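Given next are the chains, with one letter for each unit.
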Protein chains: 2
Amino acid sequence: MKRIILASASPRRRELLEKAGVHFQIIPSQGEEQITGEDPAQIVEDLSWQKAAQVAAKVEGEVIVIGSDTLVAYEGNVLGKPHDEEDAVRTLQMLQGHTHQVYTGVTVIVRSESDEITKTFSKRTDVTFYPVTEEEIRAYVATGDPMDKAGSYDIRGDFSVYVKEICGDYNTVVGLPVSTLIWEMKQMGIDLRSEDYV
Amino acid sequence: MKRIILASASPRRRELLEKAGVHFQIIPSQGEEQITGEDPAQIVEDLSWQKAAQVAAKVEGEVIVIGSDTLVAYEGNVLGKPHDEEDAVRTLQMLQGHTHQVYTGVTVIVRSESDEITKTFSKRTDVTFYPVTEEEIRAYVATGDPMDKAGSYDIRGDFSVYVKEICGDYNTVVGLPVSTLIWEMKQMGIDLRSEDYV
């Protein structure tokens, strides 16, 4: 039996992959990833590779390991998860009324008996917010929702009522471009949703 | 106490409005709406107005009535809900691998003691599908999910794994551009999420 492993502890990535009908196990990557470069697409691709490679090195046999990383960029600045509530408020005050970019990188390591193939890609989605008042931002931050999210918001949560529009893949913003992941694997002759995987 | 009434039986519109924190009642519009014109934006605006006006005429007192209509357009042809399973298969075969447009029109009738204001707008979102095989389409249609949806799919359902990207408001595709609705009302001095409404 071949295994698919998601190298991420993110509940959002797990949900997206489950909803897509993929059978997989979770082994979160551990240890600090090293940020290299300044281009957001390159950063998320690198980090997704580091996560997948770290987990692939720990497991044996035929396996497909999926690593992923998401960041938010605004006017050339890269935004990660907020340090505290005030940081989340500052981030959302900066993003409100404007368009920012969300990048998610994905690396898939496909190891068979005879070889190992690594596929890395990234997707970018532009997200535009309506103007949001400080009172509305503080009410949202008080829910605790922003604290573990790149860019300090969850597009599926209460802050979604301020999203004017997006351009790109919705799930890239959630944390995993699952349709592109399935499509790219299909191009390599792999059906991630097959019953062959456990 | 002022009332907000959603003039729609759509469970998707109800969910979106509930999730946005709006307190409202549901009185679905009844009777056949008349399609006028050929421009998709004009059609959904007209139909949303007919739905809102039909319900507003039945209720008394201070009230806000929200009507909405959604359609899918592909290469100039307007697509409604499928007639049967084969119609859904044909529609999805036409849409797969291509970009189509989803239009949702919204009309809000705001009636106070002294006057009545009607606001109508529409939003368009472009949706691009990856190529999808007939086998995959038939498996999806067999779930029954397409049958009550314009364009024969629910972007939140199992067919979402084939969505490559969208450009526009996500909830416009679900059936109600709730962020724009809240924003437009705010511009009129109305906070739809206020506790003043029942």
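Residues numbered from 1 in each chain as written. Chains lettered and ligands numbered in written order. Predicted model: local features only at pLDDT ≥ 70, side-chain atom pairs only at ≥ 80, totals over all residues. Heavy atoms only, no water.

Draft legend 1. Seen up close, the interface of chain A and chain B. The partner chain B presents 25 residues to the 25 residues of chain A that form the contact. With both chains or domains summed, chain A and chain B bury close to 2200 Å², and 50% of this area falls on carbon and sulfur atoms. It is A:Tyr130, A:Val161 and A:Trp183 in chain A that bury the most area against chain B; as a group they hold 25% of the surface buried on that side. In this structure, A:Glu136 and B:Lys186 form a salt bridge, with 2.8 Å as the shortest nitrogen-oxygen distance. Applying the counting criterion to the chain A and chain B interface returns 14 residue pairs in polar contact (both at pLDDT 80 or more). For the side of chain A that touches chain B, the elements supplying multiple residues, two or more each, are strand E7 (163–168) and helix H6 (178–187) of chain A. (Contact = heavy atoms within 4.5 Å. Buried area = accessible area lost by both parts, 1.4 Å probe. Salt bridge = Lys/Arg side-chain N within 4 Å of Asp/Glu carboxyl O. Polar contact = N/O pair within 3.5 Å; in protein donor to acceptor, adjacent residues only side chain to side chain. Helix = DSSP H or I, 4+ residues; strand = E, 2+ residues; numbered from the N terminus.)

Draft legend 2. Here's a closer look at the relation of the copies chain A and chain B. Overlaying chain A with chain B gives an RMSD of 0.0 Å, the required rotation being 180° about an axis along which the chain moves by 0.0 Å. Taken together, the rotation and translation relating the two chain copies correspond to the operation of a two-fold axis. In terms of proximity to the rotation axis, the leading residue of chain A is A:Cys167, whose C-alpha is 2.0 Å off the axis. When the interface residues of chain A are mapped onto chain B, 100% of them are again interface residues, pointing to one common binding face. (Least-squares fit on C-alpha atoms with pLDDT ≥ 70 in both.)

Draft legend 3. Molecular detail of empty space enclosed by the protein. All told, the structure shown has 1 cavity of 30 Å³ or more when counted by the stated rule. If you add up the space inside the largest cavity, you get close to 30 Å³. Around the largest cavity sit A:Ser179, A:Ile182, A:Trp183, A:Lys186, B:Tyr130, B:Pro131, B:Val161 and B:Tyr162, which together line it. Broken down by class, the residue content of the lining of the largest cavity amounts to 6 nonpolar, 1 polar and 1 charged. (1 Å grid on protein atoms, 1.4 Å probe; cavity = no way out; pocket = protein on both sides within 12 Å on 5 of 7 lines; lining within 4 Å. Points joined across faces, edges and corners; volume = space filled by probe spheres on them. Nonpolar A, V, L, I, M, F, W, Y, C, P; charged D, E, K, R; others polar.)

Draft legend 4. Broad picture of the packing of aromatic side chains. Residues and elements named next belong to chain A. Within this structure, the stated rule accounts for 13 aromatic pairs over all chains. Seen from their ring centres, phenylalanine 129 and tyrosine 153 are 5.0 Å apart, and the 80° between their planes marks the pair as edge-to-face. In this pair, phenylalanine 129 sits in strand E6 (residues 116–129) while tyrosine 153 sits in the loop between helix H4 (134–141) and E7, placing the two residues 24 residues apart along the sequence. Of the two residues examined, phenylalanine 129 and tyrosine 153, each falls in the buried class. Their ring planes at 65° and their centres at 5.0 Å tell us that phenylalanine 159 and tyrosine 162 sit as a pair that is edge-to-face. When sorted by exposure, phenylalanine 159 lands in the same class as tyrosine 162, which is buried. (Phe/Tyr/Trp six-rings, centres within 6.5 Å; stacked < 30°, edge-to-face > 60°. Buried < 20%, exposed > 50% of the residue type's maximum accessible area, 1.4 Å probe, protein only.)

Draft legend 5. Main features of the state of the cysteines. Summed over the entire model, instances satisfying the criterion amount to 1 disulfide over all chains. In this model A:Cys167 forms its disulfide with B:Cys167; the gap between the sulfur atoms is 2.1 Å. As the torsion about the S-S bond is roughly -110°, the A:Cys167-B:Cys167 disulfide counts as left-handed. On the criterion of chain membership, the pair formed by A:Cys167 in strand E7 and B:Cys167 in strand E7 (residues 163–168) is interchain, its members lying in two chains. Of the residues examined, A:Cys167 reaches a relative accessible area of 34% and is grouped as partly exposed. (Disulfide = S-S within 2.5 Å.)

Draft legend 6. Examining the side chain of A:Lys149 more closely. Looking at where A:Lys149 falls in the secondary structure, it is placed in the loop between H4 and E7. Among residues more than four places away in sequence, those in contact with A:Lys149 are A:Arg12, A:Gly80, A:Lys81, A:Pro82 and A:Asp154.

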